[in-house]
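# Breakdown of the fold
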Amino acid sequence: MWDYTEKVRDHFLNPRNVGVAENANGVGEVGSLSCGDALKLTIRVGENDIIEDAKFQTFGCASAIASSSALTEMVKGLALDEAAKITNDDIAEFLGGLPKEKIHCSVMGRDGLERAIADYRGEVIKVTQGNVVCECFGVTDLEIERAVKEDGLATIDQIINHLKAGGGCGKCHDDIEAIIHRVRGEQAMEIIKPVRMSNMQKIKLIESTLEREIKPTLQKDRGDIELVDVVGNKVYVRLQGSCASCSKSQITLKNHVEAKLRELVTQDLVVEEVK
Amino acid sequence: MRTIYLDNNATTRVADEVLEEMIPCLRDIYGNPSSMHHKGAEAGEPLKLARQRVASLLGAQPDEILFTSCGTESDSTAINAAMVAYPDKKHIVTTMVEHPAVKTYCESLEKHGYRVTLVPVDRKGRLDLNALYASISDDTAIVSIMWANNETGTLFPVEEIAKKVKSLGAAVFHTDAVQAVGKVDINLADSAIDMLSLSGHKLHAPKGVGALYIRKGTKFSPFLMGGHQENGRRAGTENHSSIVALGRACSLAAEMMEEENTRVKALRDRLEKRLLETIPNCFVNGDLDNRLPNTCSISFEYVEGEAILLMMNEFGICASSGSACTSGSLEPSHVLRAMGIPFTAAHGTIRFSLSTDNTDEDIDTVIENLPGIIHTLRQMSPFWAEAMAAKA
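Residues numbered from 1 in each chain as written. Chains lettered and ligands numbered in written order. Predicted model: local features only at pLDDT ≥ 70, side-chain atom pairs only at ≥ 80, totals over all residues. Heavy atoms only, no water.

### Description of the overall build of chain B
Assigned secondary structure in chain B consists of 13 helices and 13 strands. Taking 392 residues into account, the globule formula puts the C-alpha radius of gyration at 21 Å, and chain B, at 22 Å, falls close to it. Judged by the C-alpha coordinates and their principal axes, chain B covers about 75 × 50 × 35 Å. When the 392 residues of chain B are sorted by exposure, 60% land in the buried category. Relative to all contacts within chain B whose residues are 6 or more apart in sequence, the contacts with residues 24 or more apart total 73%. By element, 53% of the accessible surface of chain B is carried by carbon and sulfur atoms, the whole surface being about 14700 Å². Placing the 38 positive and 50 negative side-chain charges of chain B at their respective mean positions leaves the two points 3 Å apart. (Helix = DSSP H or I, 4+ residues; strand = E, 2+ residues; numbered from the N terminus. Rg over C-alpha atoms; globule rule 2.2 N^0.38 Å. Buried < 20%, exposed > 50% of the residue type's maximum accessible area, 1.4 Å probe, protein only. Contact = heavy atoms within 4.5 Å. Areas by Shrake-Rupley, 256 points an atom, 1.4 Å probe, with all protein chains shown as cover. Lys, Arg positive; Asp, Glu negative; His and termini not counted. Charge placed at Lys NZ, Arg CZ, Asp CG, Glu CD.)

### As for the overall build of chain A
Assigned secondary structure in chain A consists of 11 helices and 8 strands. Taking 2.2 N^0.38 as the reference for a compact globule, 275 residues should give roughly 19 Å; the C-alpha atoms of chain A span a radius of gyration of 26 Å, well beyond that estimate. Along the longest, intermediate and shortest principal axes, the C-alpha atoms of chain A span 80 × 40 × 25 Å. Here chain A holds 275 residues, and the buried ones make up 45% of them. Of the contacts formed within chain A by residues at least 6 apart in sequence, a portion of 55% connects residues at least 24 apart. Carbon and sulfur atoms make up 47% of the accessible area of chain A, which amounts to about 13800 Å² in all.

### Overview of the packing of helix α5 (residues 103-121) of chain A against helix α7 (residues 156-163) of chain A
Residue and element names in this part refer to chain A. Across the interface, α5 lies against α7 with an axial gap of 6 Å and an inter-helix angle of 55°. Considering their axes alone, α5 and α7 lie oblique with respect to each other. Along its contact with α5, which presents Ile103, His104 and Val107, the element α7 presents Asn161, His162 and Leu163. Its residues assigned to classes, the contact of α5 with α7 comprises 3 nonpolar, 3 polar and no charged. (Axes fitted to C-alpha atoms, helices over the stretch in contact; angles between N-to-C directions. Parallel < 35°, antiparallel > 145°, perpendicular 65-115°, else oblique. Nonpolar A, V, L, I, M, F, W, Y, C, P; charged D, E, K, R; others polar.)

### Quick notes on the interface of chain B and chain A
The partner chain A presents 40 residues to the 33 residues of chain B that form the contact. For the pair chain B and chain A, the two sides together bury roughly 3000 Å², of which 68% comes from carbon and sulfur. Run the count over chain B and chain A and you get 2 salt bridges. The partner of B:Glu314 in a salt bridge is A:Arg9, and the shortest N-O contact between them spans 3.2 Å. For the pair chain B and chain A, the interface holds 8 residue pairs in polar contact (both at pLDDT 80 or more). Those elements that place two or more of their residues in the side of chain B that touches chain A are α3 (71-85), α9 (305-313), α11 (343-346), α12 (360-380) and α13 (382-391) of chain B. When residues in the side of chain B that touches chain A are grouped by element, the largest group, 5 residues, is from α9(B). (Buried area = accessible area lost by both parts, 1.4 Å probe. Salt bridge = Lys/Arg side-chain N within 4 Å of Asp/Glu carboxyl O. Polar contact = N/O pair within 3.5 Å; in protein donor to acceptor, adjacent residues only side chain to side chain.)

### What about the sheet that holds strand β9 (residues 282-285) of chain B?
All names here are of chain B. Here 4 strands make up an open sheet; going across it, the order is β9-β10-β13-β12 and the pairing antiparallel. Since the sheet does not close on itself, it has two edges, and those belong to β9 and β12 (320-321), each with one partner. Summarising the sheet, β9 and strand β10 (residues 295-300) pair through 4 bridges and their orientation is antiparallel. When the bridges of β10 are listed, Asn285 appears paired with Ser297. Running at roughly 10° to β10, helix α8 (residues 240-278) makes contact with β9, β10 and β13 (349-353) of the sheet. (Pairing = 2+ DSSP bridges.)

### Quick look at the packing of aromatic side chains
Here a ring pair, both rings aromatic, is described through the centre-centre distance and the interplanar angle of the planes. All told, the structure shown has 2 aromatic pairs over all chains when counted by the stated rule. Plain terms: the ring middles of A:Phe59 and B:Phe383 are 5.4 Å apart, the flat faces sit at 75° to each other, and that makes the pair edge-to-face. Of the two residues, A:Phe59 sits in strand β3 (residues 51-59) while B:Phe383 sits in helix α13, which places them in two different chains. Per residue, the accessibility class of A:Phe59 equals that of B:Phe383, and both read buried. Summarising the aromatic geometry, the rings of B:Tyr302 and B:Trp384 are spaced 6.0 Å apart at their centres and angled 55° between planes, so their arrangement reads as tilted. Placement of the pair is B:Tyr302 in the loop between β10 and α9 and B:Trp384 in helix α13, with a sequence separation of 82 residues. We note that B:Tyr302, like B:Trp384, is buried. Stacked on the ring of A:Phe94, the Lys or Arg A:Lys7 has its end atom at 4.1 Å from the ring centre. One Lys or Arg, B:Lys39, reaches over the ring of B:Tyr30 and ends 4.5 Å from the middle of that ring. (Phe/Tyr/Trp six-rings, centres within 6.5 Å; stacked < 30°, edge-to-face > 60°. Lys NZ or Arg CZ within 6 Å of the ring centre and 35° of its normal.)

### Notes on the sheet that holds strand β5 (residues 140-144) of chain B
Residues and elements named next belong to chain B. One open sheet accounts for 7 strands, arranged β2-β8-β7-β6-β5-β3-β4; its pairing is mixed. Two strands in the sheet have a free side with no partner beyond their single neighbour: β2 (65-68) and β4 (115-119). The mean angle between the axes of side-by-side strands here comes to 20°, regardless of whether they run parallel or antiparallel. In the sheet, strand β6 (residues 172-176) pairs with strand β7 (residues 195-199) via 3 bridges, with the strands oriented parallel. Bridging across to β7, Asp176 finds its partner in Ser197. Contacting β2, β3 (91-95), β5, β6, β7 and β8 (210-214), α3 crosses the sheet at an angle of about 165° to β7.

### Some remarks on the pairing of β13(B)
Residue and element names in this part refer to chain B. The buried count for β13 comes to 5 of 5 residues, which makes it a mostly enclosed element. Burial along β13 is two-sided: Thr349, Arg351 and Ser353 and Ile350 and Phe352, pointing in opposite directions, are all buried. Sheet topology note: the β10/β13 ladder contains 5 bridges and is antiparallel. Each bridged residue has a counterpart across the sheet, and for Cys296 the counterpart in β13 is Phe352. Both β12 and β13 contribute to a ladder of 2 bridges, which runs antiparallel.

### Some points on α12(B)
Residues and elements named next belong to chain B. Between its first and last C-alpha atoms α12 spans 31 Å; for 21 residues at 1.5 Å apiece the expected length is 30 Å, and the two agree. Of all the bends in α12, the greatest reaches close to 30° and is centred on Asn369; the proline Pro371 follows between one and four positions later. Asp362, Ile363, Thr365, Val366, Ile367, Asn369, Leu370, Ile373, Ile374, Leu377, Arg378 and Met380 are the residues of α12 that are buried. (Expected span 1.5 Å × (residues − 1). Bend = angle between axes of the 7 residues up to and from the residue.)

Below is the structure:
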């Protein structure tokens, strides 16, 4: 069960401002049926650019409905310029906080508001173009870039909670990571394979391949590996953690560790386990 | 507020009869069955009875029953045993709608050099048997196919499948029968099934106990090592009281199976019929001709499942959803997606799963309140407004 605040429960069970604002002059629509949540926000802006009325229609979970309801309460009576400053954090804060997996509900509120204001001002709504990275939720590279830049996101989990991107099949995780690295000015490290290697170079390359390519996957399954020695083309390793007691460790050793080292260091390597 | 518990495929209440047999094992019969003294012997007797009771429900021999900590452990043990027994066979077959206990484990084996076939299903959740049989070869180490689907209740013809895949060269056939045991008549003596997993807490025993049936003669290799328990097939001191509870739950299930398939089924059918009559734009999922008697998966278009669940909770009604938002993952259930349930409805799918504990009154409460809940949420949904406008 989600840990929703009383305020989220209240705005979900007794939503404020459901429907379409009368004589609305700004409409913002975000989300879709396939994504699992969507918001249609209508606002009526009156004299002095004051938002006189705001109403919502939302398809989504409890926190999506509560975020929409909260948003309408927050913007009613506000000057347009003030309303434009509302962030997704403000919406979450208004509700006393949201579970981190539900942050995207507050992001949907902010995006809906942004579009409604743009619509009222007659601006071409910034439909974020770009290439779709996450096919499950139709999120583009530009949207991910924006989230990394403007909202300071730095990990896949943050991107998932914020934009949903990467939260489905997970096939796009590498692409999302590349965007994070690029935007944050970090260069993905490349492994350069020298043509002819000295023994020292070979050992170093074996070490760095173990660190970068092999350890992370083993550690995901709570295992680990330690380089013990390199003699000629024989690589002696010690399996640790869950790998040490895993009945499939020999399969891992040959099909994963040895294959990776052969691919990235040299074809002649043989990996042997030291107990 | 009265609790109306309709989430029995998630877990069940521990039956009074089960609890009664369990308590002395926690209080008085505390010996370790492996110990060489009278307290050890005292603990050994109820274990023996439990093994007989589980075997009897399955039409198996007591020494074919291995106690585990849960359904997931039973599944992992079965798959692992097949891999170790047939190290040269590098192909595994399971289904797209399998429980993650099997599906995720099988998929993870792709990293270890295995080829994994996920057999698809049709719109009603029925298995593509042609695709299944075409995938089998001498390289197939294990075929693991669930007996009943946890989300839709759809039953797969596992007995027929077991015979066929073994004749085509598959080494081992395993079935995850966690949802089927106690609801479907099972007689393993006459079948080609090599291994079968079951879980205690799905049939009114406590959480933390399961069993794996291993047909006599099946090559086996333990998953947990370091002790002689369970004939050397699973190390670790027995979860004594829970195993005793599982035994009683199995004998109780045998007594209740008829009621499950008559009274409980009638409750489920009435619930389903009334909801379909009173709520527009909804439909039932699964193979309606071959389905567990207690399960109803029903999709409501243009609304989202978590919102439905939380509103039902206000009336004391407990159910679950195939919706993404409840589980922490974001995509709707892999079962509904594999069946091709459109997004308009997949997000708004609710699973009611009944048990012999349920009454007419429980069903009445749902029938009285759910139409209003769906109506309220649809009034909020922009897609409902659009759909109605398009219709008019």
